[in-house]
Structure formats: structure tokens, C-alpha cells
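Residues per chain, in single letters:
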Amino acid sequence: MGSASSAYRLIYLDVDGRIQKVVFSRFCSPYDIKELFCTALGLPRNTTLSLLDSTGAMVSIDPTMPHNTERSPYRVVPLTGGQLADKEELFQNVLTQVAEQFSRAFKINELKTEVTNRLAMLEKRVELEGMKVVEIEKCRSDIKKLREEMASRNNSHFLDDNKKLTPRRDVPSYPKYMLSQQTIDALRKPAFDLWLWESNEYHLSQETVEALRQPTFDVWQWEPNEMLSCLEHMYHDLDLVKDFNMNPITLKRWLLCIHDNYRMNPFHNFRHCFCVTQMMYSMICLCSLQETFTQVDILILMTAAVCHDLDHPGYNNMYQINARTELAVRYNDISPLENHHCAVAFQIFSQPDCNIFSTFDPEAFKQIRQGIITLILATDMARHGEILDSFKHKVDSFDFTDEEHVICLKMVLIKCCDISNEVRPMEVAEPWVDCLLEEYFMQSDREKVEGLPVAPFMDREKVTKPTAQIGFIKFVLIPMFETVMKLFPQIEDVMVQPLRESRDRYEELKQIDDAMNEVQKKKSENLTMGKKK
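Residues numbered from 1 in each chain as written. Predicted model: local features only at pLDDT ≥ 70, side-chain atom pairs only at ≥ 80, totals over all residues. Heavy atoms only, no water.

A. Highlighting the overall build of the protein. Across its full length, the protein holds 21 helices and seven strands. When the 533 residues of the protein are sorted by exposure, 44% land in the buried category. Contacts spanning at least 24 positions in sequence make up 70% of the contacts within the protein whose residues lie at least 6 apart. In the structure as shown, the protein presents an accessible area of about 29500 Å², 54% of it carried by carbon and sulfur atoms. (Helix = DSSP H or I, 4+ residues; strand = E, 2+ residues; numbered from the N terminus. Buried < 20%, exposed > 50% of the residue type's maximum accessible area, 1.4 Å probe, protein only. Contact = heavy atoms within 4.5 Å. Areas by Shrake-Rupley, 256 points an atom, 1.4 Å probe, with all protein chains shown as cover.)

B. Examining the UniProt feature "binding site: Zn(2+) 1" (unreviewed entry) in the protein more closely. Cross-referencing UniProt, the feature "binding site: Zn(2+) 1" (unreviewed entry) maps to His272, His308, Asp309 and Asp418 in the present numbering. Annotated residues spanning 147 residues; largest pairwise C-alpha distance 10.0 Å, indicating a single compact cluster. Its location among the elements puts His272 in helix H11 (residues 270-286). When sequence neighbours within four positions are dropped, the list of residues in contact with His272 reads Phe267, His308, Asp309, Asp418 and Trp432. In this fold, Asp309 is placed in the loop between helix H12 (295-307) and helix H13 (317-322). With residues near it in sequence (within four places) discarded, Asp309 still touches Tyr262, His268, His272, His341 and Asp418. (UniProt positions renumbered as here; feature names shortened; annotations may be inferred.)

C. Region of interest: the nonpolar core. Judged by nonpolar contacts, the single largest core of 107 residues is most densely connected at Tyr235, Trp254, Ile258 and Met302. Each residue touching Tyr235, except ones within four places of it in the same chain, is listed here: Leu240, Val241, Met246, Leu251, Trp254, Leu299, Met302, Thr303, Val306 and Ile356. Among the nonpolar cores identified, the runner-up in size contains 15 residues, and Leu13, Ile33, Phe37 and Cys38 belong to it. (Core = buried A, V, L, I, M, F, W, Y, C linked by side-chain atoms within 4.5 Å.)

D. Region of interest: the UniProt feature "active site" (unreviewed entry) in the protein. In the UniProt entry, the feature "active site" (unreviewed entry) is given for His268. On the secondary structure map, His268 appears in the loop between helix H10 (248-260) and H11. In this structure His268 touches Arg263, Asp309, His312 and Glu439, once residues within four positions along its chain are discounted.

E. Examining H10 more closely. Its 13 residues give H10 an end-to-end C-alpha distance of 19 Å, which sits within 8% of 18 Å, the value for a rise of 1.5 Å per residue. Within H10, the full set of buried residues consists of Thr250, Leu251, Lys252, Trp254, Leu255, Leu256, Cys257, Ile258 and His259. Its side-chain oxygen 2.9 Å from the backbone nitrogen of Ile249, Asn247 forms the N-cap of H10. (Expected span 1.5 Å × (residues − 1). Polar contact = N/O pair within 3.5 Å; in protein donor to acceptor, adjacent residues only side chain to side chain.)

Now the structure itself:
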């Protein structure tokens, strides 16, 4: 009986002075109980009720409502239309206030406007791009005919078989490693866990070791974890680990942290970091710099190359300054990106697990820190003329025992390596042009939206590959490398000559573009004349 009776609730109601006993199951829903109360009062089932106890407090109508007695019945009060309307109005007022608070907190109206404007801009861009595609398709056949005509008339050497782009290869023709097949298979996977690289013991093949010392090294054939192993090899091969008593595990952890602090930009990314460092390693080997520089100088050159673009946001100094970004404000418009790269580099060194300089005394560390900062700040192209002019005045009477001369040379060397892509073979260099233009166009598109000045060489409507490269190679790269060549003649064949060939190739491509534009211009003029007739 006890268990059966406990499944039911007994509630006493005051119905116009009359006590009404109501029994219901504990498993009834609140809606069922409300309907039962309406029936007890002789009211329609959908009537809204308010239940009050002997003190006038409201009681929730549900199976868990407090038990009462015949002496303390609940009073049932049907709510009139006016009372309901007041409650509904109050509820609506609360909702309105909450909505206004949300709108103020999250700037909903501003977001709506911004989204609408961006959609309109994207729709316009899609329309314009669609028109461009039609125009490109119309021009393709003309370009093909023009190439064939120029080849037959001028026998241009840029169309010779030995000048054509060679197909890209996924892997080099030589073995990358000397290690177990299991580790090789793991390294080849794009999703290879970087921590596995840290725990593996392996050696680069002799072919890879030799290739790494050459400016012709193909960086596109290596995954990030493989590039890390190559960087590690460079530090060991230059005896930096041994001479400065570096912990090899700390070196690995530092390189991993470096990798993690480069962003996924089209150009300024970890592969660019590896490119610059590999070219620096190549110049150290080619120019026998370890015979003329101290090991501390070599350490500064390599480490500055690794760190020179850390956390690059993909937008250059002019954007930072014109947009008044946090970096520009922090560094007073003076090389904001390069100062930021230095700051991030030494934040990483401040972590004990990543401090490859932990064995240096404070004075030696201060010297290395200043050396790295000086070289990274030198990569700001706004200082190009100043640094190159200073080096030109020293090169004819260069003194390797003069600290000022050596610092100037190190600044020029990192500048050479930073912008050295065109030194590499055409099939390695040209994809970098595409990457750089992609990053430029991203910036110029944003500058147009934000109403900021746009540099012509970054505007997708004005620049082409040949126009982008010719001036840069002729007036920046070749003069700088030829000046370095006065000190190190051995770079002429492997670095300066490839730059001259690259300049010639882009000039020939520009001739094709100009001829094609002339053909299109004449076609347009003929069409206009035909319409007038």
C-alpha cells in the first residue's frame, strides 16, 4: 500500500470557499495537472491559472509542488485577458532590452553593413574576373600564333629545347636519406608528425649533403619536417653545435619552435625561411667564409637567416605604416616588421628548452644578440641603397680584421640571401614569383578596400611577371651580387651569371607581351574603323 500510495499526490484547492480535493499521479505533466485544476474549477481547459498558497506566494503547477492540507488549501486564480497582456508586454520589453544589449555588444548592425559591402565587392569582382576569362580565351590562340611567328622569324633562343621549363619533380633524382625504410616512408608523408623528427636518429645521404651546398638546391622537393632535418645538418656540418657546446635536443626543439612561428603566407613562410638559410649556407661554403670569419660570425649569419621573417603577417612595412597598425605604432614606423621579427626570435630564445645560446656567458650572448638584430634589421628594403653604398665604399680596400667592414659584409650577405630566388634554376625560381605576386595582390586588394595608397608594382591591374622582375633584377640584384663578386669572384658562374640569364629571359618575355598588346591594339583599332564605316 505504501508504495502504491506514494505514486500519487493529494492537493487541496480553495474553490470559492469550498475545499476541493485533487488527486494526480507523480508522473503527470504540468499541463495535465493544470487541465485537472481547470476541470475542478469548472473552467475551460486552456485557461491560464495562477496558484497561491496561504501566504499569497505563487506555487509552480507541477508534480513536485509542495504538499498541503485541508486547513491550508491552495487558492486558484484564473488570469484575465488584461493580466495576460500586461505579462506579455513585460516579457516583450525584457526581450527588446536584451536584443539591444546584444546588438551593442556584438555590433550586429555594423557587421550586417560590412557583410553586405563585402558581398557587393565580391559580386563585382566575380563579374570582372568572368570578363577577364573571356578575354584571356580570345587571346590564347593569338599568343600561340605570335610565338610561332617570332620563333620562325627571329629563331629566338628562349624557345630552344634547353630553355624550356622542365617538368616539376616531386622528389630529387638522388636518395634523400640514409636510414631505415620505415622512417623514410614516415618522412615522405605530408602529415608526418614533427615530433617524430625530433625523436629519430638518421643521416642525410651524401648526395643530399652535396646538393645542400649548392645555390641550385631545389627547395620545392622537401616537406617541412625534411627541411628541419636539413637545417639541423647545417648547424652540425658548420661545427656550430660542437664548437659552442650546443645541446642537440635543444637545437631540435628550437627549430621546431621556429617552424611553428612562421605563418602560412603565400611567400613569407617557413619554406622561404629555409630558402634564405640554405642560400646562406651555400655562400658560406662557396666563399670559404669559415676561413675569414669567426665561428661567432658564422653562427650569427645562420641564425639571423633562420629568424629573419618570424611571424611575418603577409603585409609589408608600407601597409603597416599607412594602416597605422599596432606594429607600426609600437616601433614608431621604423622597420616595424623587422623589429617584430627580432622580438619574436628572442622571445623564443628566452624559453629554456629552445635556448641554443645557453652555454654563452652574458657578455658573449649580448654580442650575438646585437649581431642578429643588426642583420635582421638590414633586410628592410627601405635601407637597401644606404647599406649597398656603404659596402661599395669598403669593398675595394676590404679588411677582414676591421669589425665595421665585417659587419657591413654580413649585412650585404643576408640581403643577398633574402632576395636570392632568381639565382636558382628557372624551374625553382619562377614559382616564387607567383607566390610573391599572390601576396602582393592580397595586400593591394586590401589597401583598395581600406582606401590606402597602392604601390604600382603590387597592383594586379598594372603588374605582370616580366615587368615585376626586370627592374628588380637589373637595378637591385645584379648590382648587389656584382659588388659581392669583387670580394668573392667564385660566385660569378653560379650566382651572377644565372641572374643575367634570368634578366634576359624576362626581357624576352616582355617583348612577347608588348608584341601581343600591339596586335590586340591593332585589332581593336580595325574593329573601331569597321564600325565607323
